[in-house]
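Breakdown of the fold
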Amino acid sequence: MGEPILLIDGLTRRFGGVVAVSSVTLSVKKGEIVGLIGPNGAGKTTLVNLITGFVPKTAGRVVFEGADITQLASHQIARRGVARTFQIVQPFSEMTVLENVMAGALFAGQRSSIKNAVDRARYYLEFVGLDRFAQFPAADLSLANRKRLELAKSLAMEPRLLFLDEVNAGLNSGELKHALELIHKIAETGVTIVMIEHLLRFVVSVVHRLVVLHHGAMLSDGAPADVLQDPAVIKAYLGTKFAQRHKAELESQRLKYQEQVQQSS
Amino acid sequence: MIAQYVANGLLIGSLYACLAVGFSLIYGVLNIINVLHGTFVVLGAYVTIYCAQLLGISPLISALVGCAVMFVFGYLVQRLLINEVVAAPVFISFTLIFGLDLLVNNAMIQGFTATPRSLLVDYGSISLFGLSLSVARLGAMALALVLTGALYWLLRHSQMGRAIIAVRMDRHAAALLGIRVPRVYAITFGIGALMAAAAGGALALVYPITPLLSGVFLGKSFVICVLGGLGIVPGALVGGLALGMLESFGTIVFGSQWSTTVGFVLMLLVLVLRPTGLAGRKGYE
Amino acid sequence: MPRRTTELLRGGALIVVATAVVLFGFGANNYQLQAGTTLAMAVVLCLAWNIVGGYMGYPSFGTAAFFGLGAYAGGIAQTYGLPMGLAWAAAALVGAVFAIVLGAILLRLRGHYFAIGTIAVVEVMREIANNWDALTGGAIGLSLPILAGSPRFAGIFFYLAMWALALLALLLTVAVARSKFGFGLRCIRQNEDAASMVGVDVFKFKVAAFVTSGIVIALAGAIYASMVGFIEPKDAFNILLSIEVPVMVMLGAAGTVLGPVIGAIVYVVLRELVWVNFINFHSAILGVIIVAVIYFIPKGLLREFSLTRWRKWTAPPAPAGQG
């Protein structure tokens, strides 16, 4: 972890009378795993939409790998190495699973030919564990598998910065375990990850840093243990009882997981 | 002088508002482009003319008969044929209704021939503010405005009207609330056909009508709806008056042969630059 | 069957068909030549429309606009003395420029609005052709210089020209279908936002598709104009053409390579057989065909009766548990 890979400065999104994101300033170091949390409607997804060019910015700057990408279109940003998953997964429903991942490889992934894209797509399907579904219509997949497909598609783009938007919503505990392993696997390849999450136990066990958004503004930013004890965060999001009850538990969970990671490496 | 052009613009504009409001209603609620609209106008006009001239019924009652007949026709067409494609992509629904229009229009030409017919009545003109206004045109304008106003009242204050607006806002939520959406669709389509017939009747007082004009009426309805914007009645009113004025003044500037083109060009401009229409977002009725 | 063999077979089939078409041209009588040319033109228009309407999924009703534009561009060029070949090239160029300009304006619209926009363009073009007497001859029409040589020679010449364009359109379609470009168009059709997020330059692709389609349609118009020797606004910019072409493609199967070809053939044959006997009801019959296609064959003949569909019906179902 070293250089900042992403710098956001005063990023704001206003439409109608609503301020969805209010002057957020943040930096993410290369190789970090950052958790982006906050109550519903806090502006987490909007922030990601702003950074990836999906939605126009009212104010602010975004610098990725040293280059100002504020004015770039979403496909240009994608080609530079920024990928994201969507919360409500909508694959290319008329295509097969393989073709969906090929889309990522062909365009942002800059594979020059269809054949190269097929090879790359097969690799990433195997990476996420969907290789036996390659020829299936994407529309036939279960929810958990659709999320994995979305992930494979993003990975095929060979991004250096990956935004995961609630990849774990709707998964049962077995599926969650797999998801956790997958995220670690991705981080090991050197990709910087920013994940929007609701499941605090999950997030805390995997991230280096937590950023809390509330009403579009940044509320807190730091190591998980510190953020979760921040009184402002407790007041706005966690609630005192939760913080007290789970402080010890979260801490021990995190330590336990880090031990496991150390043992297996 | 200018005032005469303004008056002409208003007179024809009111007719245009009535012409377009049925089309706008169907687009707003069912989200389909009713390519049959122009044909409905002509058909409604023909029923009115038939009643008035061959059966000797008074023009006003004939117009109401025309409206009633077209309502039933519209209801059946929607229920039996169009309901299948209501949720389909625009290409499918548009082409299907175009196909139906070809059928009905061809049948009309064969049945009624293309000879123009009209209900031209000469009640003379009156002089108002130094302008000469034909009474028939004033009557047509009044009829058009009254019916359009009645539709607005119906949409806001009757139970069926509110159901229609609910479906327009969110058809799934409306269904969850117990509103029978296919029935609302059919009634709305029927009302759209009814308003087309009303417009046909009013237009017949002023112009000769032939099945070959159905395309022209449809085209004008498109233009009016795009110009006027998303509200059903306010959109049609603003758009209708705007087109009426445009054509009235356009004749001086461009010559009458360009007036349709100018309408379409303006429509394209609005589509691209200000898709919500000249009136902006103006509510759901 | 190994890929290489299917490719060779397909290539072989194409050569056989092409040869048959050419031989037919030399042996046919005048009526057959004309019918064959009409069929070729339908195939061209369908293949071209298919790129924007089939692969990309944008419901264009603008076919008549490009067709008329090509007809008039080629025609006007010829009346100013340009040799036919160059006039056709000029028409293609005009078609391309028009597609870029129009595309930049209209392709921002989606669904209904795009459809209405394309219709409006056809209407406006027709009115311009009608009223700009000095350039287009107005409503009276424009006469083109006639090709030197016997009527039979002309018949065969235009027959071959139109079929050559059809072959070009087919090869273009195959190239698009197999390329990154075609893949991108299919992504755009299914989900424009997702396509953009995956790195597709959506705007560039849309305009490129529009231009490809527009050039081919304009060329067809130019050849048509030279062939009939006389064009007028209401025939060159006929909205019915804008409706028939999508229906033909839908009949065959939109978004495939052979669908437009099959649709064109079935429709034109039907039209020639049924229509001529019922001239007065010709638009009503088109109406019935449209309704029938949409109700009974909405996915197109190629898909409703395809071999893979049969295999899917008879195959065992996909595994239920996806752990």
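This text goes with the structure placed above it.
Throughout what follows, the structure given in this document is the object of discussion. Treat the numbers as computed from the prediction; the structure is a model and nothing was measured.

Things to note about the overall build of chain B
Scanning chain B for helices and strands turns up 11 helices and two strands. Listed N to C, the secondary structure of chain B is α-α-α-α-β-β-α-α-α-α-α-α-α in terms of helices and strands. In summary, chain B has a C-alpha radius of gyration of 18 Å against a globular reference of 19 Å for 285 residues, a match within 12%. Burial statistics for chain B: of 285 residues in total, 53% are counted as buried. Within chain B, contacts between residues at least 6 apart in sequence are counted, and of these 77% link residues at least 24 apart.

Looking at the overall build of chain C
The helix and strand inventory of chain C stands at 16 helices and two strands. Expected size for 323 residues packed as a compact globule is a radius of gyration near 20 Å; at 20 Å, chain C falls within 12% of this value. Here the C-alpha coordinates of chain C stretch approximately 70 × 45 × 40 Å along the principal axes. The buried share of chain C, taken over its 323 residues, is 50%.

What to know about the interface of chain A and chain C
Contacts between the two partners involve 24 residues from chain A and, on the opposite side, 16 residues from chain C. With four residues, helix 2 (residues 74–79) of chain A is the largest single contributor of residues to the side of chain A that touches chain C. Taken together, the residues of the side of chain A that touches chain C break down into 11 nonpolar, eight polar and five charged.

Looking at helix 10 (residues 202–228) of chain C
All names here are of chain C. Its 27 residues place the ends of helix 10 39 Å apart at the C-alpha level, agreeing with the 39 Å of an ideal helix rising 1.5 Å per residue. Of all 27 residues in helix 10, 21 are buried, a share of seventy percent or more. Within two residues after helix 10, Gly229 carries a phi angle of roughly 75 degrees, on the positive side.

Quick word on the pairing of strand 1 (residues 4–15) of chain A
In summary, the side chains of a regular strand alternate between the two faces of the sheet. All names here are of chain A. Pairing analysis gives eight bridges linking strand 1 to strand 2 (residues 18–29), with the strands arranged antiparallel. Across the sheet, residue Leu11 finds its bridge partner in strand 2, namely Val24. Between strand 1 and strand 2, which pair antiparallel one after the other, the connecting turn spans two residues, and Gly16 there sits at a positive phi close to 60 degrees. Note that strand 1 and strand 4 (residues 59–64) share five bridges and pair antiparallel. The residue of strand 4 that forms the bridge with Thr12 is Ala59.

Thresholds, definitions, all that
Residues numbered from 1 in each chain as written. Chains lettered and ligands numbered in written order. Predicted model: local features only at pLDDT ≥ 70, side-chain atom pairs only at ≥ 80, totals over all residues. Helix = DSSP H or I, 4+ residues; strand = E, 2+ residues; numbered from the N terminus. Rg over C-alpha atoms; globule rule 2.2 N^0.38 Å. Buried ≥ 20, exposed ≤ 12 C-beta atoms within 10 Å, placed from the backbone. Contact = placed C-beta atoms within 7 Å. Nonpolar A, V, L, I, M, F, W, Y, C, P; charged D, E, K, R; others polar. Expected span 1.5 Å × (residues − 1). Pairing = 2+ DSSP bridges.

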